[in-house]
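Take a look at the letters that make up each chain.
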Amino acid sequence: MVKGIGVCPGIALGKVLVLQEEELNVEKEEIEDIELEKERFNKAVLRSKEDLEKIKVQVTEELGEDNAEIFQAHLMILQDPELIDSTLKKIETGINAEYAFNEVVNQTIQVFEAIDDEYLRERAADIKDISKRVLKYLLGKEQSDITSLSEEIILVAEDLTPSDTASMDKKRVKGFLTNIGGRTSHTAIMARTLGIPAVVGLNNITENVKSGDIVAFDGETGEVIINPNDEQKKYYEDKKRIYEENKKELKELVGKESITTDGKVVELVGNIGTPSDVEALIDNDAEGVGLFRTEFLYMNRHELPTEEEQYNAYKTVLEAMKNKPVVIRTLDIGGDKNLDYLKFDYEMNPFLGYRAIRLCLDRRDIFCTQLRALLRASIYGKLRIMFPMISSLEELLEAKEILSQVKEELINEGYEISKDIEIGMMIEVPSAAIISDILAKHVDFFSIGTNDLIQYTTAVDRTNEKISHLYSPFNLGVLRLIKMVIDNAHQEGIWVGMCGEMAGDKTLIPILLGMGLDEFSMSPISILPARRLIRSLSLEESEKISCEKLRNA
Ligand code: PEP
Ligand code: MG
């Protein structure tokens, strides 16, 4: 048995697919039957096109047209006469298809890469990507593609990028196992959003298993069995059945209030990354959206999303939530979330660097486009706008001032804007927590981002699995800061939520409830278990538990 960090509960038992970048060895050969070679090449191109068509349809269905655009671009590359005709001409000189194609591809890439133009350099990356698919067909290698899978698998990788998870075949991926990552790394967050059992921080799982092996694992305890024997298989099958039964029981809580035995009602809302995640929230009876991480709209693409694209995404979510509150956070890029097309300079400490509101206040063009889209969409539901990573009053006031200017501009252009948009900010930097009494006078709500608040308060990188034992929400300093924020907010008459992973943790919910937290925002799968727990607790008892904890963790 190996043990990692269980980040999304659920039991998985199945066949492994190791996601690995494989070196393709292309040798030059002389061929005799030129026509046959040309046919072999045309077939490989055709099969690749068919794959891409399938992927495009699938991604469009699951994630919308915008996310599928990249595959249309890839299809166009495969229709490019420069690439195809030049390869066929080379084959006519008597050399094998893979060598001819590889040569043409490499020459094209070299030309593109030499030009100092971001757009063309990205085209080079696309060509590299797509040529791999064609070459694999020519070399008779398996496509290690996760966007379209023919059977159910458990995905094993060093790490998964947000784009891997966004484009993968979600119906057939039954689990994730990765070498790196912690509870709040984005692979973990994505796994919970999708409800796929996952264990991260396994160090060398990619070396310990190979594609085709069987693994059984528990996404809660982090225990992984490689090639289980019959008895172990049976154990995991039973565990899976019990887990599924429990899930069914939870469904009975749909439509019920999140209320303690002594009558305290709290709001249980969910975290999402894309408009399509709303479905899971509705399935799990979320009372709203507590955090829409808009940065996912900016990923998996080659340029910034337009105002219109963003407007449509926000409108979709607001409409789908049918007047339930929706907290949309302005762009929080940087840290461990990068965009290839925004050339970030190298930073020694990206988590302490040019990210989130800092970037938005510097790049007004990006910020204002998003604010315009948000305000325009506001009439379709109950919008709450939230600024991330605020570390001082000045920053908050500047962000609010820009928002007012954008609002005025839109009104002058004749747009209708909702009159009751709540404006809030995240408390995820200790300096903000410390001056929360002052900040509370300028916002309608706070949402505590404990994923970052823990890392900044305890000086423990949230993505570093070597020190994950130090990354603790039970750290007394963290708990006291949270209590201080809640008290300061209530003093000023505003509500406080929490959208960090801590809010969905059943060992912490009683403590947070006792501290007076008003809103708990978590991954969709945690909502019903949290409701069951809250309905079994009394506020009075929870207050005692939290007082005890705050004295001595
Ligand atoms: C947080 O920091 O707690 C948070 C919710 O934001 P993110 O995880 O996106 O940094
Ligand atoms: Mg954060």
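The rules behind the values
The numbering scheme is per chain: residues are counted from 1 as the chain's sequence reads. Chain labels run from A onward and ligand labels from 1 onward, assigned in the order the entries are written. Thresholds applied to this predicted model are a pLDDT of at least 70 for local features of residues and 80 or more for the giving and counting of side-chain atom pairs; totals over whole chains, interfaces and linings are not thresholded and use all residues. In computing side-chain values, all of the structure's heavy atoms are included and hydrogens and water are not. The donor definition counts N, O and S atoms within 2.8 Å of each metal and applies 3.2 Å to Na, K and Ca; water is not among these atoms, so some sites may look incomplete. Strands are runs of DSSP state E lasting at least 2 residues, helices are runs of H or I lasting at least 4, and numbering of each runs from the N terminus. The rule is simple: take the accessible area with a 1.4 Å probe, protein chains only, and divide by the maximum for that residue type; under 20% is buried, over 50% is exposed, in between is partly exposed. When the sulfur atoms of two cysteines come within 2.5 Å, that pair is taken as a disulfide. UniProt positions are given in the numbering used here, feature names are shortened, and annotations may be inferred rather than shown by experiment. By the criterion applied in these results, polar contacts are pairs of N or O atoms within 3.5 Å in which, for protein atoms, one can donate a hydrogen and the other can accept it, and in which residues neighboring in sequence qualify only through two side-chain atoms. Working rule for contacts: check all heavy atoms of both residues, and any pair within 4.5 Å makes them a contact. What makes a residue near a molecule or strand is one non-hydrogen atom of that residue sitting within 4 Å of it. Each accessible area is a Shrake-Rupley estimate made with a 1.4 Å probe; only the visible protein chains count as cover when residues are assessed. Three classes are used: nonpolar for Ala, Val, Leu, Ile, Met, Phe, Trp, Tyr, Cys and Pro, charged for Asp, Glu, Lys and Arg, and polar for all others, with Gly counted as polar. Note: two strands are recorded as paired if DSSP finds a minimum of 2 bridges between them. Here, axes are lines fitted to C-alpha atoms. For helices the fit covers the stretch in contact, and angles between N-to-C directions go from 0 to 180 degrees. Among the buried residues, those of types Ala, Val, Leu, Ile, Met, Phe, Trp, Tyr and Cys that are joined through side-chain atoms within 4.5 Å form a nonpolar core.

Student: An account of the coordination of the magnesium ion (ligand 2) is requested, with residue identities and associated values reported.
Tutor: For a metal with four donors in a tetrahedral arrangement, the ideal angle between donors is 109.5 degrees, while six donors in an octahedron ideally sit at 90 or 180 degrees. The protein atoms that coordinate the magnesium ion (ligand 2) are E428 (OE) and D452 (OD), at distances spanning 2.0 to 2.1 Å. Here E428 is found in the loop between β13 (422-427) and α15 (430-434), whereas its partner D452 is found in helix α17 (residues 450-458), with 24 residues between them in sequence. As far as the burial class goes, E428 and D452 line up, both buried.

Student: Provide a residue-level description of the state of the cysteines, including the pertinent values.
Tutor: Scanning all chains against the criterion turns up 0 disulfides. In this structure C8 is a free cysteine whose sulfur lies 18 Å from that of C499, the closest cysteine sulfur available. Judged by relative accessible area, which is 0%, C8 ranks as buried. For C360, which is in no disulfide, the shortest distance to another cysteine sulfur is to C368 and amounts to 9.5 Å.

Student: If you had to explain the UniProt feature "binding site: Mg(2+)" (unreviewed entry) in the protein to someone new, which residues and values would you point to?
Tutor: UniProt records the feature "binding site: Mg(2+)" (unreviewed entry) for E428 and D452 in the present numbering. Sequence-wise these annotated residues cover 25 residues; spatially they are packed, their C-alpha atoms never more than 5.4 Å apart. Engagement of the side chain of E428 in a polar contact is seen with the backbone nitrogen of M389, the distance being 2.8 Å. Sequence-distant contacts of D452, defined by excluding residues within four places in its chain, comprise F351, R355, E428 and R462. Among the polar contacts listed, one links the side chain of D452 to the side chain of R355, at a separation of 3.3 Å.

Student: Now, about the site of ligand 1: what can you tell me, with residues and values included?
Tutor: Near ligand 1 you find 16 residues, and of these R293, R329, G449, N451 and R462 are the closest. A distance of 2.9 Å separates an oxygen atom of ligand 1 from a polar atom in the side chain of E428. With respect to ligand 1, the side chain of R462 contributes an N or O atom lying 2.8 Å from an oxygen atom. Calculation on ligand 1 without its partners gives an accessible area of 290 Å², and the protein chains cover 100% of this total. Within the residue set of the shell around ligand 1, elements represented by two or more residues are β10 (289-293) and α17. Here the shell around ligand 1 takes 3 residues from α17, the largest share from any one element. Taken together, the residues that form the shell around ligand 1 break down as 3 nonpolar, 5 polar and 8 charged.

Student: Talk me through the sheet that holds β10; I want residue IDs and the actual numbers.
Tutor: What the 8 strands build is a closed barrel, ordered β9-β10-β11-β12-β13-β14-β15-β16; its pairing is parallel. Direction aside, the axes of adjacent strands within the sheet are offset by 25° on average. Two elements, strand β15 (residues 495-498) and strand β16 (residues 519-522), share 2 bridges in a ladder whose sense is parallel. Bridge pairing in β16 places M498 opposite F520. The strands that helix α13 (residues 364-377) touches are β11 (325-329) and β12 (382-387); relative to β12, the one it contacts most, it runs at about 160°.

Student: I'd love a proper account of the sheet that holds strand β4 (residues 153-157), names of residues and values included.
Tutor: Taken together, 8 strands build an open sheet; the order of strands is β1-β8-β7-β3-β4-β5-β6-β2 and the sheet is mixed. Unpaired on one side and paired on the other, β1 (2-3) and β2 (5-8) mark the two borders of the sheet. With 3 bridges connecting them, strand β3 (residues 11-18) and β4 associate as parallel partners. Bridging across to β4, V18 finds its partner in V156. Sitting on the sheet, helix α9 (residues 230-250) is in contact with β3, β7 (214-218) and β8 (223-226), with an inclination near 120° to β3.

Student: With reference to specific residues and values, describe the nonpolar core.
Tutor: By size, the foremost hydrophobic cluster in this structure holds 96 residues, and its most contacted members are F387, F446, I482 and F520. Excluding anything up to four places from it in sequence, F387 contacts T330, I357, F367, L396, A399, K400, L403, I423, G424, M425 and M426. L52, I95, V134 and L138 belong to the second largest nonpolar core, which has 31 residues in total.

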